[in-house]
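# Breakdown of the fold
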Amino acid sequence: MPPAHPFDATYLRDDADGDKLREECGVFGVIGVPEAANFVALGLHALQHRGQEAGGIVSYDAADGFNSARRFGYVRDNFTKQSLMETLPGELSIGHVRYSTSGGKMPVIRDVQPFFGEFSMGGAAIAHNGNITNAIALRKELIERGSIFQSNSDSECIIHLMARSLQQTIPERMEDALRRVEGAFSIVAMTRTKLIGVRDPLGVRPLVLGQVGDGWVLSSETCALDIIGAKYVREIEPGELVLITKNGVESHSPFRKQKPRFCIFEHVYFSRPDSIIGDRSVYETRRQIGVELAKESPIDADLVCPVPDSGVPAAIGFSQESGIPYAMGIIRNQYMGRTFIEPTEQIRNMGVRLKLNVNRALIKGKRVILVDDSVVRGTTSRKIREMILDAGAAEVHFRIASPPTAWPCFYGVDTPQRDKLLAATMSEEEMRQHLAVDSLKFISLDGMYRAVGEANGRDSNSPQYCDACFSGEYPVKPSDQIDQGFELKAAE
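Residues numbered from 1 in each chain as written. Predicted model: local features only at pLDDT ≥ 70, side-chain atom pairs only at ≥ 80, totals over all residues. Heavy atoms only, no water.

### Observations regarding the overall build of the protein chain
Convention followed: Here a strand is any run of E in DSSP of at least two residues, a helix any run of H or I of at least four, and the numbering for each starts at the N terminus. Partly exposed describes any residue whose relative accessible area lies between the buried limit of under 20% and the exposed limit of over 50%, with all areas from a 1.4 Å probe on protein chains only and scaled to the type maximum. For this analysis, residues touch if any pair of their heavy atoms sits within 4.5 Å. The method behind every accessible area is Shrake-Rupley, applied with a 1.4 Å probe, and residues are considered shielded solely by the protein chains displayed.
From N to C terminus, the protein chain includes 20 helices and 23 strands. Counting all 492 residues of the protein chain, 58% fall into the buried class. Restricting the contact set of the protein chain to residue pairs at least 6 apart, pairs at least 24 apart contribute 68%. With the model as given, the accessible surface of the protein chain reaches about 19,900 Å², and the carbon-plus-sulfur share is 49%.

Given below as structure tokens:
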């Protein structure tokens, strides 16, 4: 059997079964500081959880023009080398970390962002977090009109739409292009003199503004501002486009105003717990999810144990509300990284054990509540249950800090096809039997909404967030997927 491709997407996953949803990417940009690319590298390091497959940085310097570097792997393994960073001079720079779906399973360097285009009025680079749901139709139209694509990424459509625009400036061309785009986009872009940030009208994916010294920062999350000592200023509003120069921030509203539908799973899983979303601590929201889960699904047990690391805040909240002691019954190997030997079938079967190990002395003879963030395919959950029982646990109860994931995401998250999602084909009781646990309970949609600050729960007539992966109600129709035969949830 030939060795796995070193950049095969399955090879890079930190869970061997691909049993977690993956955010596709993170974006970061800086203007007005010396050696801006170094700040971008630090920011991307803080956003590494949003994409571990590859990263790229573009910078601009008046003497050297635009320069770029794109690499596979972690930021720490590439953009910490002085020899590389010296090739990215200037006070203006943007970057991107990537975990692909639209670019295909076998990544190639031409799919790595930021993308660069040379226009009659100068060059521009663009980094995109999200997913364009009409990309196939746009790509077909653009190719028929003579566009030559260099990558498999849906994001490249934006560059080609900009190139075909008749507007006079790059920001105007970007506005023109984005009016043709459907789906989710948070974009950080740059010209020779400007840093540009823009969110789609629904604000599905995050983007924040910060200030560092006399310069300005755009980032997917606030945690990346902290690493460079930047001050958080505010979120970029849904449908807002900001033009940033050394002189300050200019705000525009180029799109028809709509009710925002921010991705609720950013609160549940994607964002780092030390980030702030909508003036709310992500950590506190996740802790509150655990509180709601304990209220909704109490159980008599001896220990509350998180599935590290994403289950930790919810497990703390569950323990505090239930009065059942919190304990680290599962220990995570912090040095897992990529599989360090060829991932044969035998090694793949060990995948969870390479990452997690049971604290046997603590678990033996105990009735254990395991708190995890989600159940996708269920393969990892089954293996964790086996490990807990092997360690001598008397009972195993799963409490899940999100509703059942029954629908794929088309807005920038790597989701299995619907028939691969456990909750799409099984009831909660059938899932419990499949996982072979003593009990299984998910937080309700209303409970999750209460945890993010909506006291009355979810407004079924006009949901406050995008929760399509749980409800099947897509705020933007996934045009390409419908064309390929995907069936939307029937109106109830």
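### Observations concerning the sheet that holds strand β20 (residues 367-372)
Where we set the bar: Strand pairing is assigned whenever DSSP identifies at least 2 bridges connecting the two strands. Interaxial angles span 0 to 180 degrees and are taken between N-to-C directions of axes, which are lines fitted to C-alpha atoms, for helices over the stretch in contact.
What the four strands build is an open sheet, ordered β17-β20-β21-β23; its pairing is parallel. Looking at strand neighbours, the two that pair on one side only are β17 (303-306) and β23 (439-442), the edges of this open sheet. Taken over all neighbouring pairs, the strand axes of this sheet differ in orientation by 20° on average, direction set aside. Bridge count for β17 against β20 is four bridges, and the pairing is parallel. Bridging across to β20, Pro306 finds its partner in Val371. Relative to the sheet, helix α15 (residues 379-390) contacts β20 and β21 (395-400), its axis offset from that of β21 by approximately 145°.

### Quick word on the environment of Glu91
Stated formally: Polar contacts, as used here, are pairs of N or O atoms within 3.5 Å; protein pairs need one atom able to donate a hydrogen and one able to accept it. Residues neighboring in sequence count only if both atoms are side-chain atoms.
Among the secondary structure elements, Glu91 is positioned in the loop between α4 (82-85) and β5 (92-98). Taking the C-alpha atoms as reference points, Glu91 and Pro34, 57 residues apart in sequence, are found 4.9 Å from one another. Aside from chain neighbours lying at most four places away, what touches Glu91 is Val30, Ile31, Gly32, Val33, Pro34, Ala36, Tyr60 and Lys246. A polar atom in the side chain of Glu91 sits 3.1 Å from the side chain of Lys246.

### Some remarks on the nonpolar core
Rules: As used in this record, nonpolar core signifies buried Ala, Val, Leu, Ile, Met, Phe, Trp, Tyr and Cys residues forming a set joined through side-chain atoms within 4.5 Å.
Counting 69 residues, the largest nonpolar core has Ile363, Leu370, Ile384, Ile388, Phe398, Tyr411 and Leu440 as the members making the most contacts within it. Counting residues in each nonpolar core, the second largest holds 27 residues, with Leu142, Cys157, Ile187 and Val198 among its members.

### Section: the environment of Leu445
Looking at the element boundaries, Leu445 is found in helix α18 (residues 445-451). Put simply, Leu445 and Gly457 are twelve residues apart on the chain and 7.6 Å apart in space, counted from C-alpha to C-alpha. Apart from the residues lying within four places of it in its own chain, the contact partners of Leu445 are Pro403, Arg458, Asp467, Phe470 and Ser471.

### With respect to the side chain of Arg399
For clarity, the cut-off: Think of it this way: Lys and Arg go in the positive column, Asp and Glu in the negative one, and His and the chain ends go nowhere. Counted as salt bridges are all cases of a side-chain nitrogen of Lys or Arg within 4 Å of a carboxyl oxygen of Asp or Glu.
Of note, Arg399 is situated in strand β21. Within the buried set, Arg399 has no salt-bridge partner at all; the shortest N-O distance to an opposite charge, 7.6 Å, is to Glu428. A polar side-chain atom of Arg399 sits 3.0 Å from the main-chain carbonyl oxygen of Ser297. When residues no more than four places from it in sequence are discounted, the contact partners of Arg399 are Leu293, Ser297, Pro298, Ile299, Phe318, Ile369, Leu370, Val371, Asp372, Ser439, Leu440 and Lys441.

### A short note on the packing of helix α6 (residues 156-164) against helix α7 (residues 170-178)
This is how it is decided: Whether a crossing is left-handed or right-handed is set by the direction in which the near helix is turned from the far one by less than a right angle, anticlockwise for left-handed and clockwise for right-handed.
Look at α6 against α7: their axes get within 8 Å of each other, and the N-to-C directions meet at 115°. Every pair of crossing elements has a handedness; the one defined by α6 and α7 is right-handed. Residue-level inspection shows Ile158, Leu161, Met162 and Ala163 of α6 in contact with α7, the latter providing Ile170, Arg173, Met174, Ala177 and Leu178.

### Structural notes on the sheet that holds strand β8 (residues 183-190)
The six strands are arranged β6-β7-β8-β9-β13-β14 in an open sheet whose pairing can be described as antiparallel. Both outer strands of the open sheet, β6 (115-119) and β14 (248-252), are each paired with one neighbouring strand and no more. Across the sheet, the mean angle from the axis of one strand to that of its neighbour is 20°, orientation sign disregarded. Relative to strand β7 (residues 122-132), β6 runs antiparallel, the two being bridged by five bridges. By the bridge assignment, Phe115 is partnered in β7 with Ile126. In this fold α6 packs onto β6, β7 and β8, with an angle of close to 5° to the strand it touches most, β6.

### What to know about the pattern of salt bridges
As a working rule, side chains carrying opposite charge can pair if their charged atoms are close by. Here the structure, examined in full by the defined rule, presents 23 salt bridges. Residue Arg458 pairs with Glu473 through a salt bridge whose shortest N-O separation is 3.0 Å. Taken as a pair, Arg458 in the loop between α18 and α19 (468-471) and Glu473 in the loop between α19 and α20 (479-483) lie far apart in primary sequence, 15 residues in all. Given a relative accessible area of 31%, Glu473 falls into the partly exposed group. When salt bridges with common partners are traced through the structure, they connect Arg50, Arg205, Glu221 and Glu266 into a single cluster.

### With respect to the pairing of β5
Across the seven residues of β5, seven count as buried, placing the element largely inside the fold. Residue alternation in β5 divides its side chains into two sets, Leu92, Ile94, His96 and Arg98 and Ser93, Gly95 and Val97, and both sets are buried. For strand β2 (residues 25-31) and β5, the ladder comprises seven bridges, and the chain directions are antiparallel. Looking at β5, one finds that Val30 is bridged to Ser93. With seven bridges connecting them, strand β3 (residues 54-61) and β5 associate as antiparallel partners.

### Some words on the packing of helix α10 (residues 282-296) against helix α11 (residues 312-322)
Quick note on the threshold: Reported orientations rely on four angle classes, namely roughly parallel under 35 degrees, roughly antiparallel over 145, roughly perpendicular from 65 to 115, and oblique for the rest. Gly is placed with the polar residues, together with every amino acid not listed as nonpolar (Ala, Val, Leu, Ile, Met, Phe, Trp, Tyr, Cys and Pro) or charged (Asp, Glu, Lys and Arg).
Contact geometry of α10 with α11 gives a least axis separation of 6 Å together with a crossing angle of 45°. Classified by the angle between their axes, α10 and α11 sit oblique to one another. The crossing of α10 and α11 is right-handed. Across the interface between the two elements, Tyr283, Arg286, Arg287, Gly290, Val291, Leu293, Ala294 and Lys295 of α10 pack against Pro313, Ala314, Ile316, Gly317, Phe318, Gln320, Glu321 and Ser322 of α11. A per-class count over the contact of α10 with α11 returns eight nonpolar, four polar and four charged.

### Some details on the packing of aromatic side chains
Each aromatic ring pair is characterised by the separation of its centres together with the angle its planes make. We count it as follows: Side-chain rings of Phe, Tyr and Trp, where Trp is taken by its six-membered ring, are said to pair if the distance between their centres is within 6.5 Å; with planes under 30 degrees apart they count as stacked, over 60 as edge-to-face, and otherwise as tilted.
Counted according to the given criterion, the structure contains 14 aromatic pairs. Ring centres of Phe265 and Phe470 lie 5.4 Å apart, and the angle between their planes is 65°; on these two criteria the pair is classed as edge-to-face. Remark: Phe470 occurs in helix α19 and Phe265 occurs in helix α9 (residues 265-270); sequence separation between them is 205 residues. For Phe470, a relative accessible area of 9% corresponds to the buried category. Aromatic side chains Tyr411 and Tyr474 sit 6.3 Å apart centroid to centroid with 70° between the ring planes, which places their arrangement in the edge-to-face category. Highlighted residues: Tyr411 in the loop between β21 and β22 (413-414) and Tyr474 in the loop between α19 and α20, separated in sequence by 63 residues. With a relative accessible area of 12%, Tyr474 lands in the buried category.

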